[in-house]
Amino acid sequence: MHSIAGGSPSAIRRIEYPTAVAWSESVLSYNFGDQHPMSPARLDLTARLCEALGLFSLPTVTLVEPHVATDDELATVHTREYIAAVHRVSENPDQPEPTLGLGTEDDPAFAGMHEASARLVGGSLVAAEAILDGSAVHAVNFAGGMHHAAADRGSGFCIYNDAAAAIQRLLDRGVGRVVYIDTDAHHGDGTERIFWDEPRVMTISLHESGLTLFPGTGFPTETGGADAEGTAVNVALPAGTRDAGWLRAFHAVVPQLVEAFRPEVIVSQHGCDAHHLDPLTNLQVTVDAQREVALSVSALARRFCEGRWIATGGGGYEVVQVVPRAWAHLVGIAAGHPVNLQTPTPQSWRDYVRDEYGKDAPALMGEGADLWWRSWEIGFNPNDPVDRAVMATRREVFPLHGLDPWFD
């Protein structure tokens, strides 16, 4: 809730929506190798934590099987030439095509790459179908969120862009407007670029500045194509941003633009690599703050979209301490049963982590963080680097939607 004095954690309204969760152990085949940060263990441990917490067995939750997306489904957001190249490399990984991002250090080639990558897309497509046919109001594909994949190349651990495919499916089936919210530490460049000239889609990315982090893009001046100006929104945060700044930035930009754009569905990407333990990034966010943002996205969907919300995973490379908790919270929130931050992690799960991975799992679902943040209404502080980043975005984008960058 907000006040002039500041913000505090959102009051939790337990509203139970039918929730589809795309999950199958088959998605663990998306595997770039034992030494690669994108370990399938992140998905294994997330699913096992969800199961141990009872989230998968909630009456509101239906597990749906991700299918391998067809070439025609992939071609709604990727070029046919690129899809053919992924097939070739998938069948002959010893013949990479690095100019297309296939067989690079970030995206090593492996046998079955196409099927594994297309299955992640299938997970987000079945999520979209569940929203479209009314069998679910919320849907989660924590194995998805491959936001760096562009129409014609792979990048940043991402081969195909599942979130973009889900958004395009919504549009093709008659949804008029979609807001995509990306809180991964890295700029959601692939999704943004795919919809760069699409006025029906607003992409909002809250990320560490490209001055200090891959992919080096996502600055406030990147606002969309000539026919869709103002539909690409980028908040480029300084390295070292902590919970209070991260939450202040989110609440100073996202709710205002969602209200102005009035989407019919929200699609969100919850890469959890903004965490202070993540080995690849420089933000300093907690699991508690990531849970708070998921609650806020859910509330925005409830307010503007009759609840319709598709949530995906994304980045996150601290496999034991961070990813499972962050995405179990996401599933619980989507299902209308948010997991309390003081909830102990189940002993059976901790035992599995110790036996299978030789690591100590966290004892609680939260980190005991103080989630107070200053509401934007308290005023702009030009000496605060986070405020300067937020104001840069508000100045570029807010006037394009009839909003005042100083007061709205």
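Our subject is the structure listed above.
Residues numbered from 1 in each chain as written. Predicted model: local features only at pLDDT ≥ 70, side-chain atom pairs only at ≥ 80, totals over all residues. Heavy atoms only, no water.

Peer 1: Tell me about the packing of aromatic side chains, and please be specific about residues and values.
Peer 2: Across all of its chains, the model carries nine aromatic pairs by this definition. Centroid distance W23 to F142: 5.4 Å. Interplanar angle 25°. Geometry classified as stacked. Residue W23 is located in the loop between strand 1 (19-22) and helix 1 (41-52), and its partner F142 is located in the loop between strand 3 (138-141) and helix 5 (162-172); the two are separated by 119 residues in the primary sequence. We note that W23, like F142, is buried. When the centroid spacing of 6.0 Å and the interplanar angle of 80° are considered together, the rings of Y82 and Y160 count as edge-to-face. You can see Y82 sitting in helix 3 (residues 80-91) and its partner Y160 sitting in the loop between strand 3 and helix 5, a full 78 residues away along the chain. Of the two residues, Y82 and Y160, both sit in the buried class. An aromatic cluster of at least three residues, connected via ring pairs, comprises W23, F142 and W327. (Phe/Tyr/Trp six-rings, centres within 6.5 Å; stacked < 30°, edge-to-face > 60°. Helix = DSSP H or I, 4+ residues; strand = E, 2+ residues; numbered from the N terminus. Buried < 20%, exposed > 50% of the residue type's maximum accessible area, 1.4 Å probe, protein only.)

Peer 1: Describe the sheet that holds strand 7 (residues 265-269), naming the residues involved and giving the relevant values.
Peer 2: The eight strands are arranged 2-1-3-8-7-4-5-6 in an open sheet whose pairing can be described as parallel. Strand pairing shows two members of the sheet lacking a second neighbour, strand 2 (61-64) and strand 6 (232-237), which therefore form its edges. Sheet twist, expressed as the average angle between the axes of neighbouring strands with direction ignored, equals 15°. The sheet contact formed by strand 4 (residues 178-182) and strand 7 spans five bridges and is parallel. When the sheet's bridge partners are listed, V178 is paired in strand 7 with V265. Sitting on the sheet, helix 9 (residues 323-334) touches strand 1, strand 3 and strand 8 (309-312), and the angle it makes with strand 8 is about 170°. (Pairing = 2+ DSSP bridges. Axes fitted to C-alpha atoms, helices over the stretch in contact; angles between N-to-C directions. Contact = heavy atoms within 4.5 Å.)

Peer 1: Describe the side chain of D273, with residues and values.
Peer 2: Structurally, D273 can be placed in the loop between strand 7 and helix 8 (287-304). Within the buried core, D273 has no salt-bridge partner, and the shortest N-O distance to an opposite charge, that of R42, equals 7.3 Å. Reaching out from D273, the side chain makes a polar contact with the backbone nitrogen of A185 at a distance of 2.8 Å. D273 has contacts with D184, A185, H186, D278, T281, Q290, G315, G316 and Y317, leaving out every residue within four places of it along the chain. (Lys, Arg positive; Asp, Glu negative; His and termini not counted. Salt bridge = Lys/Arg side-chain N within 4 Å of Asp/Glu carboxyl O. Polar contact = N/O pair within 3.5 Å; in protein donor to acceptor, adjacent residues only side chain to side chain.)

Peer 1: I'd like a description of empty space enclosed by the protein, backed by residues and values.
Peer 2: Tallying each qualifying case throughout the model produces four cavities of 30 Å³ or more. Within this model, the largest cavity holds a volume of roughly 80 Å³. Forming the boundary of the largest cavity are 13 residues, of which H270, Q290, R291, A294 and A326 lie nearest the centre. Those elements giving two or more residues to the lining of the largest cavity turn out to be helix 8 and helix 9. (1 Å grid on protein atoms, 1.4 Å probe; cavity = no way out; pocket = protein on both sides within 12 Å on 5 of 7 lines; lining within 4 Å. Points joined across faces, edges and corners; volume = space filled by probe spheres on them.)

Peer 1: I'd like a rundown of the packing of helix 1 against helix 9, residues and numbers included.
Peer 2: Where helix 1 contacts helix 9, the two axes come as close as 8 Å, and the packing angle between them is 50°. Relative to helix 9, helix 1 is oriented oblique. The crossing of helix 1 and helix 9 is right-handed. Two secondary-structure elements touch here, helix 1 through R42, L43, L45, T46, L49 and C50 and helix 9 through V323, P324, R325, W327, A328 and V331. Considering only residue class, the contact of helix 1 with helix 9 consists of nine nonpolar, one polar and two charged. (Parallel < 35°, antiparallel > 145°, perpendicular 65-115°, else oblique. Left-handed = near helix turned anticlockwise from the far one by under 90°. Nonpolar A, V, L, I, M, F, W, Y, C, P; charged D, E, K, R; others polar.)

Peer 1: Please give an account of the side chain of T203 that cites residues and values.
Peer 2: Mapped onto the elements, T203 comes out in strand 5 (residues 201-208). The buried category is assigned to T203, whose relative accessible area is 5%. In this view, T203 contacts Y180, T191, E192, T231, A232 and V233; residues no more than four positions away in its chain are not counted.

Peer 1: So what's going on with the pattern of salt bridges? Which residues, and what values?
Peer 2: Per the stated rule, a full pass over the model turns up 14 salt bridges. Between R80 and D72 there is a salt bridge; the shortest N-O distance is 2.7 Å. In this structure, E306 engages R308 in a salt bridge whose closest nitrogen and oxygen atoms are separated by 2.9 Å. Residue E306 is classed as exposed on the basis of its relative accessible area, which comes to 60%. By relative accessible area, R308 is classed as partly exposed at 25%.

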